[in-house]
Amino acid sequence: MAHQLFRKKNTDLILKDAQEGFSEGEHSPHLNKVLGVRDLTALGIAAIIGAGIFSTVGRACYDGGPGVIILFMITAVACAFSALCYAEFASRIPVSGSAYTYSYVAFGELIAWIIGWDLIMEYAVGNVTVAISWSGNLSSFLHNTGLHIPDFLSTSFLEAKNGSAKYLALLSHHDAGATDFLSLHNTWINAPHIGSLPIILNLPALLITALITYLVYRGIRESRTSGNLMVAFKLIVILAVIAIGFYYVNPANWHPFMPNHFSGVMKGVSAVFFAYIGFDAISTTAEECKNPQRDLPRGMFNSLIICTILYILIALVLTGMVNYSKLNTSDFLANAFNARGLNILGGIIALSAVVATSSVLLVFQIGQPRIWMSMSRDGLLPPKFSKIHPKFKTPSFSTIITGLVVGIPALFLDSALVTDLCSIGTLFAFILVCGGILTLPRKAKEAGKFQVPFINGKFIVPLLFIAVVTFTQLQFPGFFKNFFGLVDPNHPDYSAAHVFRERIPYFMFFLLSVIIAVFSFLRNYSLIPVLGLVSCFYLMTELGITNWLRFIIWLVIGLVIYFLYSRHNSRLAKTSPLSPKGVT
């Protein structure tokens, strides 16, 4: 049984499948190879600079103050380690499956299914957040021009319901923060009803999803052109925002640098990491690249470096122009300039936010169907998902289903819920990709192929672990006593059971760190994948036990589908009773 669950594909078979194609049991047309390194960099920027810089970054600045730039740096480093591992896999296996295909090679079928199911959450569920954000940006832009979409037709049902509940709860405690949720409360109580049910639908989110899905359906060439134009526009706006914004910076707003201490900075993990999601989506376009083994790594690194610099500059400008406490709004970037009397620039920023979130939606809508296409080729999803349109050369059925999976939930769901789920799902994918590199046999460097530089972690990793533990104990006396004694110094009234439940992710992280340190010493693990794995796992712990439980429930649903359908229809199981070796 275990042998069947962990059977692996080798690269020769994967490349052969991609070359021949499989569509409903027979050969299918190939995808169009039109993307170069410049296009891939633009797609990466399109995905990364969007919902994050125009929606979730404000919340992170509110939680962490100016010190949020530290979190941007930490997250960028974690992403860089993961990007190096993605780049090697993309160079070795230049097909559209991304982390799903890489896991099939490194860990076997069951783990590949788990990560494929996880990627559904990263791309499709993440795009629900982006579609909702796009709707909010559109409403803000139209409001600046004197137009107005009725709130009950531009707000998601659960967003209004939860916002109203938060308003009433804060109001009962005479909390001034209640005003932040007043508009959602008004939407909830003033919406038209059918019986006792309020009619609240986010129609703009559905419409933009339908439009982008149609564009992706028509072809990668059309998607590339549209994406490049949107990226050029928003980069011009962002550079203008940074240049003009620095003129209005008041350095006094940067003090205190970390008003809510380091814990406040780390509270923004979900928002900041969500802002970085996207560079990995480039790997899903491998079969549409002219030279994937050379260009995919370059596209990932270029987009990651450019976006990190822009994020840090934007955070400094924002927290310098206005006090960090005023940034927890949906259109914080435009509001910062409006507060300085720059209403015209605020309107341009609002328009740029609409364009930027459109580009994010575009990239993720490109990525998700290609994941499903790869899973379908392997028999883990029905053959229909790998159907390639004979004229447009796109995975047509998968693209349509992706549009429905994103558009319909965007009518109803709360964006805060799906943001956290998307972040934890992405981090999990990064962990498996970094871990996958550790399982691959080291090969001699091949011309034209990227390889993660090998730095022997035999002594470095254990010494780093000991150094971090020692530093923590010296800098925060009593930390480990409280940690393992299940005592929360900030909330001494919490029971041991409650503290244990909240600390489960941290206990898992500590255990993983010990195991990694030991195995690094015993097996000479490469340092960069280890650092990527550990840093991403730490960021996962900061997302809280509630999100972990939701994530586990999602994975359990996926496992049910695997054991009921996918395991019995796996092409690898049908073609070879013996598991081939991994990478060749």
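Structural data are supplied above this passage.
What counts, and where the lines are drawn
Residues numbered from 1 in each chain as written. Predicted model: local features only at pLDDT ≥ 70, side-chain atom pairs only at ≥ 80, totals over all residues. Heavy atoms only, no water. Buried < 20%, exposed > 50% of the residue type's maximum accessible area, 1.4 Å probe, protein only. Helix = DSSP H or I, 4+ residues; strand = E, 2+ residues; numbered from the N terminus. Arc of directions from axis to C-beta. Contact = heavy atoms within 4.5 Å. Axes fitted to C-alpha atoms, helices over the stretch in contact; angles between N-to-C directions. Parallel < 35°, antiparallel > 145°, perpendicular 65-115°, else oblique. Nonpolar A, V, L, I, M, F, W, Y, C, P; charged D, E, K, R; others polar. Salt bridge = Lys/Arg side-chain N within 4 Å of Asp/Glu carboxyl O. Core = buried A, V, L, I, M, F, W, Y, C linked by side-chain atoms within 4.5 Å.

J.: Help me out: how do you make sense of helix H9 (residues 182-190) in this one?
T.: Helical geometry note: an α-helix holds 3.6 residues per turn, so side chains three or four residues apart project in the same direction. Within the sequence span of H9, burial applies to Leu-184, His-185, Thr-187 and Trp-188. One side of H9 holds all its buried residues, which, seen down the axis, span an arc of 160°. Buried residues in H9 make contact with helix H8 (157-172), strand E1 (193-194) and strand E2 (197-198).

J.: Got a minute to help me understand unusual backbone geometry in this structure?
T.: A cis amide bond, omega 0°, links His-255 with the succeeding residue Pro-256. Structurally, Pro-256 can be placed in the loop between helix H11 (220-247) and helix H12 (261-266). In the Ramachandran plot, His-174 falls in the positive-phi region, its phi being about 55° despite a non-glycine side chain. With respect to the secondary-structure elements, His-174 resides in the loop between H8 and H9. Taking relative accessible area as the criterion, His-174 reaches 74% and is therefore assigned exposed. Of note in the backbone geometry, His-261 takes a positive phi value of approximately 65° without being a glycine. Within the secondary structure, His-261 sits in helix H12. Judged by relative accessible area, His-261 falls into the exposed class, the value being 58%.

J.: I keep staring at the environment of Leu-170 and nothing clicks. Help me out?
T.: If you trace the backbone, Leu-170 turns up in helix H8. Ignoring sequence-local partners within four residues, the contact set of Leu-170 consists of Asp-175, Gly-177, Ala-178 and Phe-181.

J.: Would you mind going over the packing of helix H10 (residues 203-218) against helix H17 (residues 396-410) with me for this structure?
T.: In a pair of packed helices, the angle between the axes and the distance between the axes together describe the arrangement. Across the interface, H10 lies against H17 with an axial gap of 8 Å and an inter-helix angle of 170°. As judged from the angle between their axes, H10 and H17 are roughly antiparallel. In this structure, H10 uses Ala-205, Leu-206, Thr-209, Thr-213, Val-216 and Tyr-217 to contact H17, whose residues at the interface are Ser-396, Thr-399, Ile-400, Gly-403, Val-406, Gly-407, Ile-408 and Ala-410. Residue classes in the contact of H10 with H17 are distributed as eight nonpolar, six polar and no charged.

J.: Is there a simple way to think about the pattern of salt bridges in this case?
T.: Here the structure, examined in full by the defined rule, presents six salt bridges. Ionic pairing is found between Glu-88 and Arg-92, a salt bridge with its closest N-O pair at 2.9 Å. Within this pair, Glu-88 and its partner Arg-92 are both found in helix H5 (residues 68-92), separated by four residues, close to a single helical turn. With respect to burial, Glu-88 and Arg-92 carry one shared label: buried.

J.: It is not clear to me how the nonpolar core should be interpreted in this structure. Could you clarify?
T.: The nonpolar side chains of a soluble globular protein tend to be buried with one another. In terms of nonpolar packing, the biggest core is built from 159 residues, with Phe-72, Tyr-86, Phe-89, Tyr-100, Tyr-276, Phe-279 and Phe-364 touching the most fellow members. Beyond its immediate stretch of four places on either side in the chain, Phe-364 contacts Ala-47, Glu-122, Tyr-123, Asn-127, Ile-277, Gly-278, Ala-281 and Pro-369. Counting five residues, the second-largest nonpolar core is a separate cluster that includes Phe-157, Trp-188, Ala-191 and Ile-200.

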